[in-house]
Amino acid sequence: MAAGRAFFCVPSSIGATARRLAFASPPPRPLASAPHRRGRGRCCASISSSSDASASAPPPYVLTTPLYYVNAPPHMGSAYTTIAADAVARFQRLLQKKVIFITGTDEHGEKIATSAEASGRNPKEHCDTISNSYKMLWADLDIEYDKFIRTTDPKHEAVVNDFYSRVLSSGDLYRADYEGLYCVGCEEYKDEKELVENNCCPVHLKPCVPRKEDNYFFALSKYQHKLEELLRRNPDFVRPSYRLHEVQGWIKSGLRDFSISRASVEWGIPVPNDTKQTIYVWFDALLGYLSASLDDGEQASLQKAVDRGWPASLHLIGKDILRFHAVYWPAMLMSAGISLPDAVFGHGFLTKDGMKMGKSLGNTLEPKDLVDRFGADAVRYFFLREVEFGNDGDYSEGRFINTVNAHLANTIGNLLNRTLGLLKKNCGSMLAFDSMAAADGSSFKNSVESLVDKAKGHYENLSLTSACETVLEIGNLGNLYIDEQAPWSCFKQGGESAEKAAKDLVIILETMRIIAIALSPVTPSLSLRIYTQLGFTEDQFSTLTWEDTKWGVLKAGQAMMEPKPIFAKIETEAEEKDQATPKAAKGGKKKSGSKGLVEA
Ligand code: MSP
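Attention in this report is confined to the structure presented alongside it. (Residues numbered from 1 in each chain as written. Predicted model: local features only at pLDDT ≥ 70, side-chain atom pairs only at ≥ 80, totals over all residues. Heavy atoms only, no water.)

Now for the overall build of the chain. For the chain, the count of helices and strands is 21 helices and 19 strands. Within the chain, the fraction of its 600 residues that count as buried is 58%. Put simply, 76% of the contacts in the chain that link residues at least 6 apart link residues at least 24 apart. Counting only carbon and sulfur atoms, one obtains 51% of the accessible surface of the chain, whose full area is about 23,800 Å². (Helix = DSSP H or I, 4+ residues; strand = E, 2+ residues; numbered from the N terminus. Buried < 20%, exposed > 50% of the residue type's maximum accessible area, 1.4 Å probe, protein only. Contact = heavy atoms within 4.5 Å. Areas by Shrake-Rupley, 256 points an atom, 1.4 Å probe, with all protein chains shown as cover.)

Moving on to the sheet that holds strand S3 (residues 99-106). Read across the sheet, six strands follow the order S4-S3-S2-S13-S14-S8 without closing on themselves; strand pairing throughout is parallel. Edge positions in the open sheet fall to strand S4 (147-150) and strand S8 (238-239), since each of these has one partner strand only. For strand S13 (residues 314-318) and strand S14 (residues 344-347), the ladder comprises four bridges, and the chain directions are parallel. Pairing of Gly318 across the sheet is with His347, part of S14. Lying over the sheet, helix H3 (residues 123-140) contacts strand S2 (61-69), S3 and S4, oriented at roughly 160 degrees with respect to S4. (Pairing = 2+ DSSP bridges. Axes fitted to C-alpha atoms, helices over the stretch in contact; angles between N-to-C directions.)

Here we take up the site of the ligand. Close to the ligand lie 24 residues, the nearest being Asp106, Gly318, Asp320, Leu350 and Met357. Take Tyr69: an N or O atom from its main chain is 3.2 Å from an oxygen atom of the ligand. Contact with the protein chains hides 97% of the accessible area of the ligand, taken as 650 Å² for the molecule alone. Those elements giving two or more residues to the shell around the ligand turn out to be S2, helix H1 (76-94), helix H7 (281-285) and S13. Top element by residues in the shell around the ligand is S2. It accounts for four residues. (Near = heavy atom within 4 Å. Polar contact = N/O pair within 3.5 Å; in protein donor to acceptor, adjacent residues only side chain to side chain.)

Summed over all chains, the structure comprises 38 salt bridges. Here Arg175 and Asp274 are joined by a salt bridge, their closest N and O atoms 3.3 Å apart. Of this pair, Arg175 sits in strand S5 (residues 173-183) while Asp274 sits in strand S12 (residues 274-279), and the two are 99 residues apart along the sequence. Here Glu229 makes a salt bridge to Arg233, at a shortest N to O gap of 3.1 Å. Of this pair, Glu229 and Arg233 both sit in helix H5 (residues 224-233), four residues apart, which is roughly one turn of the helix. Owing to a relative accessible area of 30%, Glu229 belongs among the partly exposed residues under this scheme. (Salt bridge = Lys/Arg side-chain N within 4 Å of Asp/Glu carboxyl O.)

This part is about the nonpolar core. Ranked by size, the top nonpolar core spans 180 residues in total, and within it Met76, Phe163, Phe218, Phe283, Leu290, Phe383 and Phe400 carry the most contacts. Top contributing element to this core by residue count: helix H18 (residues 495-519), with 15 residues. Setting aside chain neighbours within four positions, we find Leu290 in contact with Val159, Leu302, Ala305, Val306, Trp310, Trp329, Leu333 and Ile338. Cys183, Cys186, Leu195 and Cys208 belong to the second-largest nonpolar core, a separate cluster that totals six residues. (Core = buried A, V, L, I, M, F, W, Y, C linked by side-chain atoms within 4.5 Å.)

Moving on, we get to the packing of aromatic side chains. One pass over the full model with this rule turns up 30 aromatic pairs. Where Tyr174 meets Phe217, the ring centres are 5.6 Å apart and the plane angle is 20 degrees; that geometry is what we call stacked. Within this pair, whereas Tyr174 is found in strand S5, its partner Phe217 is found in strand S7 (residues 209-218), the two being separated by 43 residues in sequence. The pair Tyr174 / Phe217 is uniform in exposure class, with both members buried. One aromatic cluster is present, built from ring pairs that chain together Phe218, Tyr223, Phe258, Trp282, Phe324 and Tyr328. (Phe/Tyr/Trp six-rings, centres within 6.5 Å; stacked < 30°, edge-to-face > 60°.)

Checked against the element boundaries, Asp172 lands in the loop between helix H4 (154-169) and S5. As a C-alpha pair, Asp172 and Leu220 span 48 residues in sequence and 8.0 Å in three-dimensional space. At a separation of 2.4 Å, a polar atom in the side chain of Asp172 contacts the side chain of Tyr223.

Below, the structure written as structure tokens:
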């Protein structure tokens, strides 16, 4: 941020060295999307979209992850935001919303140019390679995004140019000298007060470098009151609430204009009418949220991008980039006359030994390794269940294994497996009752229904940890029920007891069906495996909605599949050693590697 240091040349508003840029055209009229959009938090006047077709359609749910820097391949920290976003997108699709889930890569600027040089590749080749590694990881992690934007895409450049003209027309750009300390890792000028020993950036722990430049500036200070008003009127604009307070604190302490161009960086989008400068990477990248909705090869424009998918419903980001999203971005949009997003949610960091896990610090965890060893469902589940969404959280392999074994292999996997085993043995794998009739007079169904409602509320509220916990509670309830009812001994008694036992199995299987849907935003493949074991097809699974969590779908006569473990229990090193001794060899199915997976 262009912040106040002693040798700072541009004061919080236009300074002596600043030169206003002339603009020929009148200030821009507001650009806004279709009139159907939600009303909250819009502080810019809205005009109709140019697209008539969308006028009566319900608004899409537009969800974004940050666009990831391509200085290095993704690590678990980058994967974390995307996993969370994918869970939110899947949940919103279950609510039958049209979802536009946007992700992508941020490919310009000094940091990327330097990493390309270090890798011995030209910047474009470097970006292609790393951007592709993100796409591959998203496939491995079962991420179902709708749009993947690269800031080197030609359509993006067109949108940046249009946007620049609008901000220029608003009279919010001027030229001035700037001198300050720059963190290349953050791609940001730092305030001396923020720095730790030896002028090091607190996030990257590397010294910031002195820079002096003649740049174009954005008059952020002009938006101070409008931003205050936005947050006062719509406190949900920044979530969780403790991050709102942080943002309010920044704004209260005074907003300073920031430079939006770089004279020293070649790898970027040229400033219109001044090819000696490139656009500052953040001013460029934030616009990826708009350009993402355009198709490759079409005539790109800012207006078209706004019509296609704006405003965003939710920007999911890490807390380190909150200022860009909750202060700079809304001010930029106000300046350009474009509607504001509904909300920005800043989550915490995955840490290793208490430090932010990151490419620059080199203390990362490889998500691909975790997926290869434990599967996408386990990785997705662990991080969403164990790291309270919003707060920091530490990873340890022991905790990972204990959690997924206890929850996915035991509570869920075993419950399904033993119920199907009993059904096979006693009922020929066929349901003898409708699930509604089976639960008649039992309070169990009500308990499941109220937990499902609770889980829905948690998803809506982005309390992803609580959503997982609540679904697991349903599993615990199911285990308790089957243990108490003991259908295995009731079958032996025959007569009415056997009939009751057959009903109890239907009750548990209907419960499993509901669990599968309610956990599908987090563990999509595991949920599909549960669903197909219950005799449904993949197509049936793919058209499910949250409405299908209502009790009563399983019907008498439905045939279940052969019971097969749906989640492989992860074997710990101790168990593996135990298995290696002849007397303990139990014949579990293992994967190669130092630790493996065994069937639960
Ligand atoms: N390129 C910018 C974002 C531009 S958005 C228009 C950027 N990229 S990043 O690759 O450095 O970070 C992307 C996201 O990953 C951020 O939300 C950041 O918080 C998140 N994470 C990176 N390391 C992280 C952890 N160790 N833990 C959790 N998330 C972290 O910033």
